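These are the residues of each chain, in order.
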Amino acid sequence: MKGQFLLEIGRAVPAADSYRRASDLAPRQAQILGGLGRSLLNMETAEATAEALEALREAARLDGADTGIWRDLALAEARSGNDGAAALATAERFMIEGRPNEAIRNATRALDLIPRGAPGWRRADDLTTIARRASR
C-alpha cells in the first residue's frame, strides 16, 4: 500500500523502493510486481524501463487477466524498442477487455513485426484466430 500511495502522489523512486521490498517478501505476487513495474516506468530512464520490463513480464505470466499489467507491459516493450511485443501485449489487453476488433488490429501488427514462428508470433496468430471468432 505504501508503494501505491507514493506512486499516486508522484514519488516514483521511493514507490519503486517500497515495491522492491514488498517483492522481496512476496516474490510471486503479480500485483506487487505490476506496481513495481508501473513505478519504474514513471522514472522514465532506460535502466528503470529495463527493470520494469522484467517485473511486468513476470507479472503478466503470473496474472494474465490484469489489463493494467498488460497496458504497462506494452508501454515498457515500446520504450525498449520491442514494437512487436508491444503490439502483442496490447492485443492481449484488448482481448481481456472484450474488444476483439482492436485485438485483431494489434495482433496483426505483431505478426508483421515478430519473426515468423517465434513464440510471440504464434501467440499473435492464435489471438487473431480467437478474436475473429469472438467478433462474429
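Our subject is the structure listed above.
Residues numbered from 1 in each chain as written. Predicted model: local features only at pLDDT ≥ 70, side-chain atom pairs only at ≥ 80, totals over all residues. Heavy atoms only, no water.

Trainee: Which residues make up the overall build of the chain, and what values go with them?
Mentor: In terms of helices and strands, the chain carries eight helices and zero strands. Listing every helix and strand of the chain by position from the N terminus yields α-α-α-α-α-α-α-α. The C-alpha atoms of the chain give a radius of gyration of 15 Å, which matches the 14 Å a tight globule of 136 residues would have. Projected onto its principal axes, the C-alpha positions of the chain cover 45 × 25 × 25 Å. Evaluated residue by residue, the chain yields a buried proportion of 44% over its 136 residues. At a minimum sequence separation of 6, the contacts of the chain that also span at least 24 residues come to 46%. (Helix = DSSP H or I, 4+ residues; strand = E, 2+ residues; numbered from the N terminus. Rg over C-alpha atoms; globule rule 2.2 N^0.38 Å. Buried < 20%, exposed > 50% of the residue type's maximum accessible area, 1.4 Å probe, protein only. Contact = heavy atoms within 4.5 Å.)

Trainee: Explain helix 2 (residues 12-25) to me, and be specific about the residues and the numbers.
Mentor: Taking 1.5 Å of rise per residue, the 14 residues of helix 2 would be expected to cover 20 Å, and the 20 Å separating its terminal C-alpha atoms lies within 8% of that figure. Residues of helix 2 that are buried: Ala 12, Ala 15, Ala 16, Ser 18, Tyr 19 and Ser 23. The arc that holds the buried residues of helix 2, viewed along the axis, is 160°, so those residues lie on one side. Exposed and oriented more than 90 degrees from the buried face of helix 2 are Asp 24 and Leu 25. Buried residues in helix 2 make contact with helix 1 (2-8) and helix 3 (30-41). (Expected span 1.5 Å × (residues − 1). Arc of directions from axis to C-beta.)

Trainee: Just give me the short version of helix 8 (residues 119-134), but keep the residues and values in it.
Mentor: With 16 residues, helix 8 ought to run about 22 Å at 1.5 Å a step, and its terminal C-alpha atoms sit 22 Å apart, in line with that. The elements touched by buried residues of helix 8 are helix 6 (83-96) and helix 7 (100-113).

Trainee: Just give me the short version of the packing of helix 3 against helix 5 (residues 67-79), but keep the residues and values in it.
Mentor: Closest axis-to-axis distance for the helix 3/helix 5 pair is 10 Å, and the angle between their directions is 40°. Here helix 3 is positioned oblique relative to helix 5, judged by the angle of their axes. Here helix 3 and helix 5 pass one another in a crossing that is left-handed. For the pair helix 3 and helix 5, the contacting residues are Ala 30, Gln 31, Gly 34, Arg 38 and Leu 41 in the first and Gly 68, Ile 69, Arg 71, Asp 72, Leu 75, Ala 76 and Arg 79 in the second. Here the contact of helix 3 with helix 5 is built from residues that sort into five nonpolar, three polar and four charged. (Axes fitted to C-alpha atoms, helices over the stretch in contact; angles between N-to-C directions. Parallel < 35°, antiparallel > 145°, perpendicular 65-115°, else oblique. Left-handed = near helix turned anticlockwise from the far one by under 90°. Nonpolar A, V, L, I, M, F, W, Y, C, P; charged D, E, K, R; others polar.)

Trainee: Kindly report on the pattern of salt bridges, identifying the contributing residues and their values.
Mentor: What the rule picks out here adds up to 10 salt bridges. For Asp 72, the salt bridge goes to Arg 38, with nearest N and O atoms at 2.6 Å. Residue Asp 72 is found in helix 5, and its partner Arg 38 is found in helix 3; the two are separated by 34 residues along the sequence. Classification of Asp 72 by relative accessible area gives buried; the value is 6%. The network of salt bridges with common partners includes Arg 93, Glu 97, Arg 99 and Glu 102. (Salt bridge = Lys/Arg side-chain N within 4 Å of Asp/Glu carboxyl O.)

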